[in-house]
Amino acid sequence: MGEYDMRVLRFFFKMGLFMFMSFIVVIIGLYLYAYLSPKLELRTAGQYYIYDTNDELVYQGSSTSEWVSLEDINYNLINAVISVEDKNFYQHHGFDYLRIARAMYLNIKNGKITQGASTISQQYVKNIFLDFSTTWSRKIEEAFLTLELEVHYTKDEILEGYLNTINYGQGNFGIGNASRYYFNKEPIDLTLEEALILAGIPNSPENYNPVANYDLSIERAKIVGNAMVENGYLSLEEFDSLFQDKIEIYGKSSEENLDMLMYYQDAVIEELKNIKTIPEELLQSGGIKIYTYLDLDAQKNLEENILTYLTDSELQSASVVIDPNTGGVIALSGGVSYAKSQYNRATQAKRQVGSAMKPFLYYGALEEGMTSASTFNSQYTTFTLSNGNVYSPKNYGSVYANKEITMAEAIAVSDNVYAVKTNMFLGADKLVDTAKKVGIEADLSAVASLALGTGEMSVLDLARGYTTFATGGYKQDVGFIKKVEDSEGNVLYEKDDTKDLVLNMNYNYILTEMLTGTTNSHFKDYANPTALTIASKLSRKYAIKTGTTDTDFWIAGYNPDVVMVTWVGMDDNSPLSASDSYISKNIWADTVEDILIDTEEHWYETPENVVGVVLDAVSGVPTNDVSKATLFYFVKGTEDMINTEYVSKEEELKE
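Worth saying up front: this structure is predicted, and the values here are computed from it rather than measured.

Student: Quick rundown of the overall build of the chain? Include the residues and the values.
Tutor: Of regular secondary structure, the chain possesses 22 helices and 20 strands. Across the 655 residues in the chain, those meeting the buried criterion constitute 55%. Partitioning the contacts of the chain with sequence separation of at least 6, the portion at a separation of at least 24 is 72%. For the chain, the exposed area adds up to about 29700 Å²; of that, 50% sits on carbon and sulfur atoms.

This is the structure we're talking about:
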């Protein structure tokens, strides 16, 4: 080896030594910094408490109300968790560097991320963060916090905190809650098989909990058991004897368990993440208190009615109930069973809303000079669109009036031809603009078919729009959270109760009155009013609109005290039978009636500039026949336009 080669070798040796020493200095510095940092309070860090509208505590997440000491947890569970999550937990100082290197090698070799290397200490830090973002700044912050845990607490204390905060699925955080929920036992009393099942859940709480997926949970439990064998905690003979019989799963947290309440709680946490005024780092705050609009009685009524009408059915259902006076969601269901599926169909699923879209269309029509007595000819019609395509909307069951009908009747019986003609007459942009004006956030296309609800939106989004109608035309923030405080009572967030008048109160009132026609038998003609089947159930006045597609049944309605939207359908978009429409209607009717029982009935005051005229419900002309008479409402000065020939828009449409 030449002198030059020796110099190069010495240079790299010195560089390597320098880098190694620098690394050691940096590590020592980081641990020293962590040691000098304030000690984290493990039993309160990251906790959140959810309160209902009466300020009663209904849920506590990211920790448990009864902290379980390590000595009160079955040793099999402790050994199982260490084996499957972090076998070197008691040897490393927060980071398993060999495991990190191995994971990096395997991920590079496989060309994708197949291995993780988080230690229990790292996972614990993540558990007590409400924001699970994966930005570099968050990763660096988590690394510092991991060091702080390691220098301030013993391994047993860290493990105890981890077991008391980990997500075990079905809304259960912490081993105490999970043990009682799944097996009706205290953690110390768990069998080996039960311990293996629980230790396997945190890897994927939605998939591996035994209530939602029993078979998958057992497969995962066997993987955990095998890890215990490899780490010397379990013999092969013991492992081979496991799971010979089906394990009994308890699967409830109380005798009066509100399973669908978890959908509400998930929605609360999702909203919490989007509130910009709440600091991302709440570890030092000792937890936060979330005050919501949840009405437990309303939630209970909603759940009971869903289960009554969807027993032994493959159908799914989602509902949102709102108090229009506050904009607060008082009850919500995102599916028939949270235990089986945590997918929140009320907030996450976007479906075509069918004729439930029409009230936004007809409000726009009133704004543009049409009245409740304006008519179009309801007959099979083929439209030639501006792009040259043709469009032939059909009425339900292909039944047509084959005559001119009024807007009031078109709403009552949900005539599709009338709706498309109105949309074409106004211009499709008008419907999109009206939807945005009332607060609907969905991205809607200005097309002819939008009048029939071909645009997709969530149940919550549609309910947001109907809430603006229910308030008399005032748009407001619709949500779940009233107020958020830290553990010291300092207000971190308070809902803005500002209401903006975005609709003309006269037209809004006229539309609302027309929507009561869906339960008015006087509109029985070539088709029946769409909500007539539930009219006998309703003790008071409601503005209601139904919506139907091949795969969805909707009903949306309101009065001054409640707004409710209900959807029924299949997750895979399978076609529905006509009889399924009664399910959504009955859930809606029974729930709003249960919520408002024993309360004073309210309705909207008629604006000074609006007048009611008694007309024949079907023909829209003056009548003395009480069996057909219905109040039609007009802005003063337009009530003279009740001669059918004069108010017909058919010729104007052709022009």
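From this point, things continue past the structure.
Student: So, the pairing of strand E13 (residues 481-486): which residues are in play, and what are the values?
Tutor: Taken together, the five bridges between strand E3 (residues 288-292) and E13 define a ladder with antiparallel strand orientation. In the sheet register, Lys289 faces E13, and the bridge partner there is Glu485. Pairing geometry for E13 and strand E14 (residues 491-494), over three bridges, is antiparallel. Residue pairing for E14: Glu485 is matched across the bridge by Val491. Hairpin connection, E13 to E14: the antiparallel pair is bridged by four residues, and Gly489 has positive phi, about 90°.

Student: How would you explain the packing of helix H8 (residues 192-200) against helix H10 (residues 214-230) if you had to name every residue and give the values?
Tutor: It is the contact of H8 with H10, at a shortest axis distance of 8 Å, that shows an interaxial angle of 105°. The pairing of H8 with H10 is recorded here as roughly perpendicular in orientation. Residues Leu196, Ile197, Ala199 and Gly200 of H8 touch H10, and the partners they reach there are Ile218, Arg220, Ala221, Val224, Gly225 and Met228. A breakdown of the residues in the contact of H8 with H10 according to their chemical character gives seven nonpolar, two polar and one charged.

Student: If you had to explain the nonpolar core to someone new, which residues and values would you point to?
Tutor: Within the largest apolar cluster, 129 residues are counted, with the highest numbers of intra-cluster contacts made by Ile290 and Trp588. Counting residues in hydrophobic clusters, the runner-up holds 46 residues, among them Tyr124, Tyr153, Ala178 and Ala199.

Student: How would you explain the environment of Leu302 if you had to name every residue and give the values?
Tutor: On the secondary structure map, Leu302 appears in helix H13 (residues 296-309). Note: C-alpha distance between Leu302 and Ser319 (17 residues apart in sequence) is 8.1 Å. Residues within four places of Leu302 in sequence aside, it is in contact with Ser319, Ala331, Leu332, Ser333, Met564, Ile587 and Thr591.

Student: Give me the lowdown on the side chain of Asn74, citing residues and values where you can.
Tutor: For Asn74, the position within the fold is in the loop between strand E2 (57-61) and helix H2 (75-85). Reaching out from Asn74, the side chain makes a polar contact with the backbone oxygen of Ile188 at a distance of 3.4 Å. Of the polar contacts made by the side chain of Asn74, one reaches the backbone oxygen of Leu190; its length is 2.9 Å. If sequence neighbours within four positions are ignored, Asn74 has contacts with Pro187, Ile188 and Leu190.

Student: Before we move on, could you go through the packing of aromatic side chains and cite the residues and values that matter?
Tutor: Scanning the model with the defined rule gives 19 aromatic pairs in all. A connected cluster of aromatic rings, assembled from ring pairs, spans Phe360, Tyr466, Phe469 and Tyr558. Positioned above the aromatic ring of Tyr291 is the side chain of Lys483, whose terminal nitrogen or guanidinium carbon lies 5.2 Å from the ring centre.

Student: So what's going on with H8? Which residues, and what values?
Tutor: The buried count for H8 comes to eight of nine residues, which makes it a mostly enclosed element. Turning to H8, its buried residues number three or more, namely Leu192, Glu194, Ala195, Leu196, Ile197, Leu198, Ala199 and Gly200. Buried residues in H8 make contact with H2, helix H7 (175-183), helix H9 (205-208) and H10.

Student: I'd like to hear about H7, residue by residue, with values.
Tutor: One full turn of an α-helix is made of 3.6 residues, so residues set three or four places apart face in the same direction. The buried fraction of H7 is high, at seven of nine residues. Every buried residue belonging to H7 is among Ile175, Gly176, Ala178, Ser179, Tyr181, Tyr182 and Phe183, and all of these are buried. Tucked inside the fold, the buried residues of H7 contact H2, helix H6 (155-163) and H8. Just downstream of H7, Asn184 is the residue with a positive phi angle, here 55°.

Student: So what's going on with the pattern of salt bridges? Residues and values would help.
Tutor: Inspection of every chain in the model, using the stated rule, returns 14 salt bridges. The network of salt bridges with common partners includes Glu367, Glu368, Lys430 and Lys437.

Student: Report on the sheet that holds strand E4 (residues 316-323), specifying residues and quantitative values.
Tutor: Pairing is antiparallel in the open sheet, where five strands are placed in the order E5-E4-E18-E17-E16. Of all strands in the sheet, those bounded by a partner on one side alone are strand E5 (328-333) and strand E16 (543-548). Each strand axis lies, on average, 10° off the axis of its neighbour in the sheet, ignoring direction. As judged from the six bridges shared by E16 and strand E17 (residues 552-559), these two strands associate in the antiparallel manner. Looking at the pairing, Gly547 lines up with Trp554 of E17. On top of the sheet, helix H20 (residues 581-596) reaches E4, E5, E16, E17 and strand E18 (562-569); it is set at about 155° to E18, its chief contact.

Student: Can you lay out the packing of helix H14 (residues 358-367) against helix H16 (residues 416-426) for me, pointing to particular residues and giving the numbers?
Tutor: Orientation of H14 relative to H16, taken along the N-to-C sense of each, is 45°, at an axis distance of 10 Å. The angle between the axes of H14 and H16 places the two elements in the oblique class. Once H14 is placed against H16, the crossing between them reads as left-handed. Across the interface between the two elements, Lys358, Leu361, Tyr362, Gly364 and Ala365 of H14 pack against Asn416, Tyr418, Ala419, Thr422, Asn423 and Leu426 of H16. For the contact of H14 with H16, a count of residues per class yields six nonpolar, four polar and one charged.

Student: Before we move on, can you summarise the side chain of Gln299 with the specific residues and values?
Tutor: Position of Gln299 relative to the elements: it lies in helix H13. There is a polar contact of 2.9 Å between the side chain of Gln299 and the side chain of Glu303. Separated by 2.9 Å, the side chain of Gln299 and the backbone oxygen of Leu332 make a polar contact. Look past the residues within four positions of Gln299 in its chain and what remains in contact with it is Leu258, Met260, Leu261, Tyr264, Leu294, Ala331 and Leu332.

Student: Just give me the short version of unusual backbone geometry, but keep the residues and values in it.
Tutor: At Asn184, a position not held by glycine, the phi torsion is positive, near 55°. Summarising the element assignment, Asn184 is placed in the loop between H7 and H8. Although it is not a glycine, Ser414 sits at a positive phi angle of roughly 60°. Assignment of secondary structure puts Ser414 in the loop between helix H15 (407-413) and H16.

Reading the values: the criteria
Per chain, residue numbering runs from 1 following the sequence as it is written. For a predicted model such as this one, the threshold for reporting local features is a pLDDT of at least 70, and the threshold for listing and counting side-chain atom pairs is 80 or more; totals across whole chains, interfaces and linings nevertheless cover every residue. Derived side-chain values reflect all non-hydrogen atoms in the structure, with water molecules and hydrogen atoms excluded from consideration. Strands are runs of DSSP state E lasting at least 2 residues, helices are runs of H or I lasting at least 4, and numbering of each runs from the N terminus. Think of it in three bands: residues with accessible area under 20% of the maximum for their type are buried, residues over 50% are exposed, and the middle band is partly exposed, with areas taken using a 1.4 Å probe on protein chains only. By the convention used here, residues are in contact when the closest approach between their heavy atoms is within 4.5 Å. To be clear on the numbers: accessible area is Shrake-Rupley with a 1.4 Å probe, and residue cover counts the displayed protein chains and nothing else. Strand pairing requires that DSSP identify at least two bridges connecting the strands. Think of each axis as a best-fit line through the C-alpha atoms, taken over the contacting stretch in the case of a helix, with angles from 0 to 180 degrees between the N-to-C directions. Any angle from 65 to 115 degrees is called roughly perpendicular, while one under 35 is roughly parallel, one over 145 is roughly antiparallel, and all others are oblique. When residue character is reported, Ala, Val, Leu, Ile, Met, Phe, Trp, Tyr, Cys and Pro are called nonpolar, Asp, Glu, Lys and Arg charged, and the others, Gly included, polar. What is meant by a nonpolar core is a set of buried Ala, Val, Leu, Ile, Met, Phe, Trp, Tyr and Cys residues, joined one to another through side-chain atoms within 4.5 Å. What qualifies as a polar contact is a pair of N or O atoms within 3.5 Å, subject to a donor-acceptor requirement within protein and to the restriction that residues adjacent in sequence count only when both atoms come from side chains. Pairing of aromatic rings covers Phe, Tyr and Trp, the last counted by its six-membered ring, and requires centre-to-centre distances within 6.5 Å; plane angles under 30 degrees mean stacked, over 60 mean edge-to-face, and any other angle means tilted. Here, a charge over a ring is recorded when the distance from Lys NZ or Arg CZ to the ring centre is within 6 Å and its angle to the ring normal is within 35 degrees. Counted as salt bridges are all cases of a side-chain nitrogen of Lys or Arg within 4 Å of a carboxyl oxygen of Asp or Glu. Left-handed describes a crossing whose near helix is turned anticlockwise from the far helix through less than a right angle; right-handed describes the clockwise counterpart.

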